[in-house]
Amino acid sequence: MTGVYIALEGGDGAGKTTVAARLVELLEEKGDTVVAVREPGGTALGEEIRRLLLHSSDMTAWSEALLFAAQRSQLAAEVIGPALGRGEVVIADRSYYSSLAYQGGGRALDPQLVRLINEAALEGVIPDLVVVLTIDPAEALARQADPDRIGRQGAKFQEAVARVYRELARSEPDRVRLIEMGDDPDDVARAIFAMIEERRLG
Ligand code: TYD
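One structure accompanies this document, and this report is about it.

Rules of the game
Residues numbered from 1 in each chain as written. Predicted model: local features only at pLDDT ≥ 70, side-chain atom pairs only at ≥ 80, totals over all residues. Heavy atoms only, no water. Axes fitted to C-alpha atoms, helices over the stretch in contact; angles between N-to-C directions. Helix = DSSP H or I, 4+ residues; strand = E, 2+ residues; numbered from the N terminus. Parallel < 35°, antiparallel > 145°, perpendicular 65-115°, else oblique. Contact = heavy atoms within 4.5 Å. Nonpolar A, V, L, I, M, F, W, Y, C, P; charged D, E, K, R; others polar. Patch = residues over 30% accessible without salt bridge, like charges linked within 9 Å, V, L, I, M, F, W, Y side chains within 5 Å. Areas by Shrake-Rupley, 256 points an atom, 1.4 Å probe, with all protein chains shown as cover. Salt bridge = Lys/Arg side-chain N within 4 Å of Asp/Glu carboxyl O. Near = heavy atom within 4 Å. Polar contact = N/O pair within 3.5 Å; in protein donor to acceptor, adjacent residues only side chain to side chain. Pairing = 2+ DSSP bridges. Core = buried A, V, L, I, M, F, W, Y, C linked by side-chain atoms within 4.5 Å. Buried < 20%, exposed > 50% of the residue type's maximum accessible area, 1.4 Å probe, protein only.

**Looking at the packing of helix α3 (residues 61–85) against helix α4 (residues 96–106)**
Stage number 1. Packing of α3 against α4 brings their axes to within 10 Å, and their N-to-C directions diverge by 175°. Considered as vectors, α3 and α4 are oriented roughly antiparallel to each other. Residue-level inspection shows Glu-64, Ala-65, Phe-68 and Arg-72 of α3 in contact with α4, the latter providing Tyr-96, Ser-99 and Gln-103.
Stage number 2. Taken together, the residues of the contact of α3 with α4 break down into 3 nonpolar, 2 polar and 2 charged.

**Notes on the environment of Val-4**
Stage number 1. Relative to the helices and strands, Val-4 is located in strand β1 (residues 4–10).
Stage number 2. Sequence separation between Val-4 and Ala-121 is 117 residues; the distance between their C-alpha atoms is 19 Å.
Stage number 3. In this view, Val-4 contacts Leu-84, Glu-88, Val-89, Val-90, Asp-128 and Arg-200; residues no more than four positions away in its chain are not counted.

**Observations concerning a nonpolar patch on the surface**
Stage number 1. A contiguous nonpolar patch, built from Trp-62, Leu-66, Leu-113 and Leu-116 and spanning about 380 Å² of accessible area, is present on the exposed surface.
Stage number 2. Listing elements by their share of the nonpolar patch, those giving two or more residues are α3 and α5 (111–122).
Stage number 3. On the secondary structure map, Leu-113 appears in helix α5.

**Thoughts on the site of the ligand**
Stage number 1. In the region of the ligand, 15 residues are neighbours, and Asp-12, Arg-72, Arg-94, Ser-99 and Gln-103 sit closest.
Stage number 2. Here an oxygen atom of the ligand sits 2.6 Å away from a polar atom, N or O, in the side chain of Asp-12.
Stage number 3. Contact between the ligand and Arg-72: an oxygen atom at 2.8 Å from a side-chain N or O atom of the residue.
Stage number 4. When the ligand sits alone it has 540 Å² of accessible area, and the protein chains cover 89% of it.
Stage number 5. Broken down by secondary-structure element, the contributors of at least two residues to the shell around the ligand are α2 (44–55), α3 and α4.
Stage number 6. Sorting elements by how many residues they give to the shell around the ligand places α4 first, with 4 residues.

**Notes on the sheet that holds strand β2 (residues 34–38)**
Stage number 1. Strand order in the open sheet made by the 5 strands is β2-β3-β1-β4-β5, with parallel pairing throughout. A single partner strand is all that each edge strand has here, and the edge strands are β2 and β5 (176–180). Direction aside, the axes of adjacent strands within the sheet are offset by 20° on average.
Stage number 2. Where β2 meets strand β3 (residues 89–93), 5 bridges bridge the pair, whose relative direction is parallel. Bridged to Val-37 within β3 is Ala-92.
Stage number 3. Packing against the sheet, helix α1 (residues 16–29) makes contact with β1, β2, β3 and β4 (129–134), and its axis sits at approximately 170° to β3.
Stage number 4. Those strands touched by helix α8 (residues 185–201) are β1, β3, β4 and β5, and its axis lies near 155° from that of β5.

**Describing the nonpolar core**
Stage number 1. Formed by 36 residues in total, the largest nonpolar core has its most connected members in Tyr-5, Val-37, Ile-80, Val-90, Tyr-97, Tyr-102 and Val-176.
Stage number 2. At 7 residues, the largest contribution of residues to this core is made by α3.
Stage number 3. Look past the residues within four positions of Val-90 in its chain and what remains in contact with it is Val-4, Tyr-5, Ile-6, Val-35, Val-37, Ile-80, Ala-83 and Leu-84.
Stage number 4. Among the nonpolar cores identified, the runner-up in size contains 26 residues, and Ala-14, Leu-26, Leu-129 and Val-131 belong to it.

**Quick look at the pattern of salt bridges**
Stage number 1. Applying the stated criterion to the full structure yields 17 salt bridges.
Stage number 2. One salt bridge connects Lys-16 with Asp-93, and the closest N-O pair in it is separated by 2.6 Å. In this pair, Lys-16 is assigned in helix α1 and Asp-93 in strand β3, connecting sequence segments 77 residues apart. The same class applies to Lys-16 as to Asp-93, namely buried.
Stage number 3. One salt bridge in this structure joins Arg-149 and Glu-64, with 3.1 Å as the shortest N-O distance. Here the residue Arg-149 occupies a position in the loop between α6 (137–143) and α7 (155–171), and Glu-64 occupies one in helix α3, the gap between them amounting to 85 residues. In this structure, Arg-149 and Glu-64 share a single accessibility class: buried.
Stage number 4. Through salt bridges with shared partners, a single network forms among Lys-30, Asp-32, Glu-197 and Arg-200.

It is worth stressing that arrangement in space is one thing and function is another; only the former is reported here.
Here it is as structure tokens:
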């Protein structure tokens, strides 16, 4: 039996974390066994890498991209792959699609190389569905009380991130979906829940 791997994506301050928590509740109410993960982090090594990524002083764009891929490889091997093998549902707060958008878009690294290092690191453990939460950039900025090193990169950086997400939704329509965040995160969680159900039935 194979489970299903759903990734929630979006720019900083889009409200993914609230939606992820609500989505986990909806799935559990329905009887699914759910494993919730977040990137960067989710393993002992991954949490150490998270600290480096979000708080250390400067690093090159490629150090950043490779550290994201390293923590992700660990998470896929230790947590996500085994959960899928047990037939469970994985709800991930970010995935390698964040690296395509942030390191490929925001940092302007070669997007094909960013994809390549990540797909190599993941060894086939890739999301079945990627839901990108979109939000007005001014509102997103207002929601960020205490931005981390990457969250402080400014409006141009966030615009580049948003542009790549839109391009990915166009080029991979079966896997990547955009959903606009309205006023109620519950509505968004219910819409994603319906997408998961549709996928399981189909
Ligand atoms: P996250 O903890 O999701 O923060 P937020 O809730 O503010 O979105 O992610 C931390 C930061 O790391 C965020 O600015 C996005 C960035 N990031 C990347 O640049 N590349 C990646 O591959 C990932 C997973 C995150």
